[in-house]
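Single-letter residue listing:
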Amino acid sequence: MDQMINISPSSKVVHKTRSIVLKVAFILILLTIFTPLLLKKNNNNNLYHSYTADQKSSTRLILGKKESSSRAIIDDDKKSNGNGKCDIFTGEWVANPEAPYYTNKSCWAIHEHQNCIKYGRPDTDFIKWRWKPDGCELPIFNPSQFLEIVRGKRLAFVGDSVARNQMQSLICLLSRVEYPIDVSYTPDEYFKRWFYKTYNFTLATFWTPFLVKAKENDPNGPNGTGLFGLYLDEPDQKWATQIDEFDYVVVSVGHWFHRPLMYYENGHLIGCRFCNIKNLTDYPMSYGYQRAFHTAFKAILGRESSFKGVTYLRTFAPSHFEGGEWNKGGNCLRKKPYRSNEVSLEGINLDLYIAQMKELKVAQRRGRERGLKFRVIDATQAMLLRPDGHPSRYGHWPEEKVALYNDCVHWCLPEPIDTWNDFLLEMLKKERATTKEENLMYQNQRKMRIN
């Protein structure tokens, strides 16, 4: 009996060998089935990372040496501020034979210094372009659609003369439907209000070249442009106390920060920018610029109980002086836009852009906690590519004495900055769609609670 059930050593070896063979065969079968799936997944991941890298390179400014440190700041914000399909702020200028959509004769709102055609600019190709985002289209401004969206609402531009430049562009674009009535509270041209009666829409501008409290310490200053004292932790009350009634506020400043400046915090002088005063810390231009935006956004956040509107940061628009500085023979004589691969955002322009975006990110985070919305109209890349769009010497008569003889800061009307209002309309459309979704979600949540 024992002999019948015992297995010989040779049989044991055979049995063990068969077991090993079966296991190996089973593993090979599994590898045959799952290896293609794993390779496919890996390839998909590689494709995804390749696409993401390509997408980032096409939706990001050329940021030079500071690219890696600022990449997250810029990319993350742009992802949430496009039109939902692509980044409308990254692209190229393309020919638009149908432009312009108004002229210096059809619109009275053009400021004299931006009325380039009136003052004899010989070329007109600069008015024949439109912005083409990578991967989608930016619709040409539709004045009827804009006025319907803002029916019964109020919009304010807060900033310097370039902000006023955008407001005048908007008035001209809307003039195809209706001209506004002047309902300003003061004769001061720096604080204007316009009313579109048919649409019950109010448009306003608040002049504040620094956003914060400022005083002119010396009308001449080190270089003849004045020496201003900036109180970096105190907002300019001329705008900060007036925004409660507005549904949309577009904030933008820039070029005044190139001037010699004295910096104050907590009422004490802490340093300066290009003031040439011994034993006083000289800060980079971006320091005061970032602190000003910090204070401005903080002021808006501090009005959460009374201000319920949407704040838009319109980013810095670079100047294009070539051959010298603004007061040393610099000029802007180019006749067509750059391509995006022909020029980089760098130096002080890059510093200012990064400073703005950093403070915007902070404001957005704090705004979400308080129910306030902060958005970006990122015009920097588009305007970096438009050296041809400035008045140069065609903002005045040749014999006139003006502070900025060759103006490479402001923009001719009509053209390039009309695109800012294309951007604005797209942002308002997105905001309206977002609000409808939020209201629908709220209504559904209420129904669920009731049921």
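This text follows the structure it describes.
Reading the values: rules and limits
- Residues numbered from 1 in each chain as written.
- Predicted model: local features only at pLDDT ≥ 70, side-chain atom pairs only at ≥ 80, totals over all residues.
- Heavy atoms only, no water.
- Phe/Tyr/Trp six-rings, centres within 6.5 Å; stacked < 30°, edge-to-face > 60°.
- Buried < 20%, exposed > 50% of the residue type's maximum accessible area, 1.4 Å probe, protein only.
- Lys NZ or Arg CZ within 6 Å of the ring centre and 35° of its normal.
- Disulfide = S-S within 2.5 Å.
- Helix = DSSP H or I, 4+ residues; strand = E, 2+ residues; numbered from the N terminus.
- Pairing = 2+ DSSP bridges.

## Brief notes about the packing of aromatic side chains
Aromatic rings considered in pairs are described by the distance between their centres and by the relative angle of their planes. According to the stated counting rule, one finds 26 aromatic pairs in the structure shown. Ring centres of phenylalanine 141 and phenylalanine 146 lie 5.4 Å apart, and the angle between their planes is 40°; this geometry places the pair in the tilted category. Exposure class is identical for phenylalanine 141 and phenylalanine 146. Each is buried. Feature note: the residues Tyr190, Trp207, Phe210, Phe228, Trp256, Phe257, Tyr289, Phe293, Phe297, Phe316 and Phe374 constitute an aromatic cluster, connected by ring pairs. Positioned over the ring face of tyrosine 231 is lysine 213, at 4.7 Å from the centre of the ring. The positively charged end of arginine 386 is found above the aromatic ring belonging to tryptophan 93, 4.6 Å away from the centroid.

## Overview of the state of the cysteines
With the rule as written, the count across this model stands at 5 disulfides. The disulfide bridge from cysteine 86 ends at cysteine 136, spanning 1.9 Å between sulfur atoms. Separated by 50 residues along the polypeptide, cysteine 86 in the loop between helix H3 (67–79) and strand S1 (91–95) and cysteine 136 in the loop between strand S2 (129–133) and helix H4 (143–149) bring together distant segments of the chain. Across this residue pair, the class does not change: cysteine 86 and cysteine 136 are buried. One disulfide bridge connects cysteine 116 with cysteine 412, the sulfur atoms lying 2.0 Å from each other. The sign of the -90° torsion about the S-S bond sets the cysteine 116-cysteine 412 disulfide as left-handed. Within this pair, whereas cysteine 116 is found in the loop between S1 and S2, its partner cysteine 412 is found in the loop between helix H9 (380–384) and helix H10 (418–450), the two being separated by 296 residues in sequence. Of the residues examined, cysteine 116 reaches a relative accessible area of 0% and is grouped as buried.

## A closer look at the pairing of strand S11 (residues 268–273)
Alignment of strand S10 (residues 261–265) against S11, held across 5 bridges, turns out to be antiparallel. From the neighbouring strand, glutamate 265 faces S11, where its bridge partner is histidine 268. Linkage of S10 to S11, two consecutive antiparallel strands, is achieved through a turn of 2 residues, within which asparagine 266 is found at a positive phi near 55°.

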